[in-house]
Amino acid sequence: MTVRAAVCGAICVLTIALVSGQSAKPATLPDWSGAWTLDGPTVFDGSTVQPKNGRAGEPGVREFPPYNDEWEALYRKHVEMIKQGTLPDPVSFCGTPHGFPRLMNLPDVYEFAVTPEKVIILGENGPNILRIYTDGRKHPDAADLWPTYSGASVGHWEGDTLVFTTISLKGFSGKDVLVDRTGLILSDASRATTRMRKIDPMTLEAQMVIEDAKALKAPWRVTKRYRKQPAGTWAWDYACAENNRNPVSSTGKTLTLGPDGKPIDKVVD
Amino acid sequence: MKSTLMVVLLSVAGWAIASSPLRAHHSGAMFDREKVVELKATVKELQWSNPHIWIQVITQENGAPKEWSLEGGSPNTLSRQGWRSTTFKPGDEVTVRFNPMKDGTAAGAFVGAKLADGKTIGRWD
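Here's a quick rundown of the structure. (Residues numbered from 1 in each chain as written. Chains lettered and ligands numbered in written order. Predicted model: local features only at pLDDT ≥ 70, side-chain atom pairs only at ≥ 80, totals over all residues.)

Taken residue by residue, the interface counts 24 residues in chain B and 30 residues in chain A. If you list the elements that add at least two residues to the side of chain B that touches chain A, you get β3 (54–61) and α2 (75–80) of chain B. The element best represented in the side of chain B that touches chain A is α2(B), accounting for three residues. (Contact = placed C-beta atoms within 7 Å. Helix = DSSP H or I, 4+ residues; strand = E, 2+ residues; numbered from the N terminus.)

As structure tokens, then:
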């Protein structure tokens with residue numbers, strides 16, 4: 001091979017990468033091994049939560065996504081229902097995944113399986129799984145998609161940063177999917193671009209930009225961080241239906257069952 | 001028989017709210033996070049299961065046994081905090097603290113416990 005041919009080849013490779021909008025895969029994939037936990041409580045957007053340090057599910061706690069008037073009204077209704085204890089969390093039924101983007105906001109531990117073809121986010125709680133294909137594929141055509149809890153994610157590497165886009169989400173349709181237990185919701189038009197990287201040896205960061213033509217007036221930027229746990233930390237089986245003593249009544253009230261399996265609440269509905 | 005129940009009302013609400021280690025898979029609206037109840041009890045059973053562990057304890061109320069259901073976090077997270085499936089054994093004498101149910105039923109969200117040997121688990125300060 002002549003020097004000229006070699007230079008041309010290198011230019012061609014670079015051109016293809018630039019045209020496709022993707023940089024070359026890193027020579028070595030980043031080390032995201034080990035177990036990780038969400039940094040902070042399970043309020044999705046801690047930067048806007050009121051009252052400050054409020055916890056998801058506590059009465060009066062809310063965040064401030066850039067909702068349009070219609071979805072702001074829906075969210076306010078949920079916040080009021082939380083106060084009354086009548087907004088059930090869909091995951092309390094132990095039958096559905098948390099869905100995206102809530103699966104970036106889970107208690108218990110995470111593991112991140114980084115391979116040349118895909119990255120798999122494993123949430124111990126739920127359990128929840130997000131597959132992010134990095135093998136160069138595109139999202140399926142719209143006709144081949146249907147809304148799901150965790151959607152469809154494809155991504156690529158920009159140096160040590162994983163960039164992925166998630167579409168085809170189920171969203172909130174009167175039930176099914178909350179983004180967190182303040183009653184936060186997104187629609188089935190939502191999509192997110194996430195940039196994920198290690199910002200220091202003990203911290204992974206996910207910067208999400210969420211767009212939603214039905215619910216949001218502007219892109220919503222949310223950053224979540226994850227702290228590495230001690231070496232050798234185990235993740236365990238999580239079977240939500242194993243001993244769920246908090247079913248939901250017909251009016252949406254979360255009940256408490258006694259050891260005999262019968263509600264011990266004084267008022268059931 | 002004299003009741004062994006002692007109610008502790010903490011004036012610093014923030015302590016009570018921050019005290020529960022429970023990261024529930026469900027709404028916590030049934031619990032009064034402004035209150036912490038302390039009682040001396042005998043362990044009947046530890047249900048070491050997902051999505052939450054439950055500690056069943058017995059107190060004596062005017063000569064009659066009364067069973068309480070105390071809900072904790074997931075065994076997954078608690079095991080990483082030093083709990084084991086044998087942390088509470090049937091017959092153990094314990095002092096437990098919890099956020100009680102708002103409606104007064106005999107249940108609550110576990111906060112902490114002191115075992116007979118003086119060891120503590122959960123939040124105890």
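Let's pick the thread back up.
Residue and element names in this part refer to chain A. With omega at 10 degrees, the peptide bond leading from Phe100 into Pro101 counts as cis. Geometrically, the link from Gly126 to Pro127 is a cis peptide bond, its omega value of -10 degrees lying close to zero. Among the structural elements, Pro127 can be located in the loop between β3 (118–123) and β4 (128–133). A positive phi angle, near 65 degrees, is found at Asn53, a position not held by glycine. When you line up the elements, Asn53 lands in the loop between β1 (36–38) and α2 (69–84). For Asn53, a count of 14 C-beta atoms within 10 Å corresponds to the partly exposed category. (Buried ≥ 20, exposed ≤ 12 C-beta atoms within 10 Å, placed from the backbone.)

What follows concerns the pairing of strand β6 (residues 107–115) of chain B. It is a general feature of regular strands that their side chains alternate between the two faces of the sheet. Residue and element names in this part refer to chain B. Relative to β6, strand β4 (residues 64–71) runs parallel, the two being bridged by three bridges. Within β6, the position partnered with Leu70 by the bridge is Gly108. For strand β5 (residues 93–100) and β6, the ladder comprises seven bridges, and the chain directions are antiparallel. Looking across to β6, one finds that Val94 is bridged to Leu115. Between β5 and the antiparallel strand that follows it, β6, lie six residues; Gly104 among them carries a positive phi value of about 85 degrees. When β6 meets strand β7 (residues 120–122), the two strands line up antiparallel, connected through three bridges. If you follow Lys114 over to β7, its bridge partner there is Thr120. Between β6 and the antiparallel strand that follows it, β7, lie four residues; Gly118 among them carries a positive phi value of about 90 degrees. (Pairing = 2+ DSSP bridges.)

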